[in-house]
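# Results of the structural survey
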Amino acid sequence: MSLEDRVRQAAAAIKTADALLITAGAGMGVDSGLPDFRGTQGFWRAYPAIAKLGLSFEQMANPASFAENPHLAWAFYGHRLNLYRKTVPHQGFRHLLEMGRAKPRGYFVFTSNVDGQFQRAGFAAERIVECHGSIHHFQCTASCSDEIWEADRETVNVDESTFRALEPMPRCRNCPALARPNILMFGDWSWLGQRTEAQEQQFAAWLDGLVKCAAKLAVIELGAGSAIPTVRRTSEQVRQRLGGTLIRINPREADVPDGQIGLPFAAEEGIQKTCDYL
Ligand SMILES: [Zn+2]
């Protein structure tokens, strides 16, 4: 089947669906200008100061870095927090939101991105699962309590020339320890998962509702790689359970299970092309 026919087929699946599941990985943010940290070289291109120290993404995105080098750890997360706060989500978000809102059974978002871009784009907070947590929420580095708080009022100032966070750095609300983002990091045994678990329960309830009324589902997956396969697996498992169609939009890894639709495009371009046939 030609690529154009596949795009047309994807549009038809979306058009006839009663409900839309949007799943997203790091590739979704690239078209908004966000780095996706693909491979060590990709990560180092985004953060030359960290390249100079020879530290990998796995070493930086690690709770141990808050103990070993807190000013560097908060430079990394503070820089990202500030970047995500000022990023304008690309047009693809708006198109997806319009599609989702038009569905009789609505939409749900499942994302591994911690950047809060779906909320910024106007998606309802109660219809989003952030499976790796959110940079816009903080918790204690010393695990003094299980409180997760919104970071709206927190500011992190980073000296870009030295790539160090400036004092005062974010502190726990309940003890003198540093705060950290409520993001699931590598080797992370102290991540507080209850916010994500509550989101997952709402997602499960929505899916159960779809099963009960035999709703027709379309799954649109964007920029989710196979290196950390949580998002791809979720797309495939949900589609397998409910039936319907999986549309996988991915410029490098668009391979799909039999009968599903793979579109080798970047996220925004793939959404736009599909929209043209709606
Ligand atoms: Zn604390």
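Described below are features of the structure shown in this document. (Residues numbered from 1 in each chain as written. Predicted model: local features only at pLDDT ≥ 70, side-chain atom pairs only at ≥ 80, totals over all residues. Heavy atoms only, no water.)

Attention now moves to the environment of Ser235. Mapping Ser235 onto the fold places it in helix H11 (residues 230–242). Along the primary structure Ser235 and Ala49 are separated by 186 residues, whereas in three dimensions their C-alpha atoms are 36 Å apart. Among residues more than four places away in sequence, those in contact with Ser235 are Thr23, Val219, Glu221 and Leu246. (Helix = DSSP H or I, 4+ residues; strand = E, 2+ residues; numbered from the N terminus. Contact = heavy atoms within 4.5 Å.)

Here we come to the coordination of the zinc ion. A metal bound by six donors in octahedral fashion has ideal angles of 90 or 180 degrees, whereas one bound by four tetrahedral donors has an ideal angle of 109.5 degrees. Here the zinc ion is held by the protein donor atoms Cys140 (SG), Cys144 (SG), Cys172 (SG) and Cys175 (SG), which lie 2.3 Å from it. Seen from the zinc ion, its 4 donor atoms lie at angles of 104 to 115°, and the figure they make is tetrahedral. Judged by its relative accessible area of 8%, Cys172 is buried. Classification of Cys175 as partly exposed rests on a relative accessible area of 21%. (Donors = N, O, S within 2.8 Å, 3.2 Å for Na, K, Ca; no water. Tetrahedral: all angles 85-135°; square planar, octahedral: opposite > 155°, others 65-115°. Buried < 20%, exposed > 50% of the residue type's maximum accessible area, 1.4 Å probe, protein only.)

With that settled, the discussion passes to the nonpolar core. When a protein is soluble and globular, its nonpolar side chains tend to lie buried together. Judged by nonpolar contacts, the single largest core of 35 residues is most densely connected at Phe43, Trp74, Phe76, Tyr77 and Phe163. No other element matches the 9 residues that helix H7 (residues 70–86) contributes to this core. Grouped together as the second largest cluster of nonpolar side chains are 29 residues, Phe118, Phe123, Ile128 and Leu263 included. (Core = buried A, V, L, I, M, F, W, Y, C linked by side-chain atoms within 4.5 Å.)

Taken together, 6 strands build an open sheet; the order of strands is S3-S2-S1-S9-S10-S11 and the sheet is parallel. The sheet terminates laterally at strand S3 (128–130) and strand S11 (261–263), the two strands that pair on one side only. Each adjacent strand pair in this sheet contributes to an overall mean axis angle of 15°, direction not counted. Sheet analysis places strand S1 (residues 19–24) next to strand S2 (residues 107–111), joined by 5 bridges and oriented parallel. Each residue of the ladder has a partner; that of Leu20, found in S2, is Tyr107. (Pairing = 2+ DSSP bridges. Axes fitted to C-alpha atoms, helices over the stretch in contact; angles between N-to-C directions.)

Looking at the secondary structure, you find Asp115 in the loop between S2 and helix H9 (117–120). There is no salt bridge for the buried Asp115, and the closest opposite charge comes from Arg80, which lies 7.5 Å off by N-O distance. Reaching out from Asp115, the side chain makes a polar contact with the backbone nitrogen of Gln117 at a distance of 3.1 Å. For Asp115, the contacting residues outside a window of four places in its chain are Leu34, Tyr84, Ile135 and His136. (Lys, Arg positive; Asp, Glu negative; His and termini not counted. Salt bridge = Lys/Arg side-chain N within 4 Å of Asp/Glu carboxyl O. Polar contact = N/O pair within 3.5 Å; in protein donor to acceptor, adjacent residues only side chain to side chain.)

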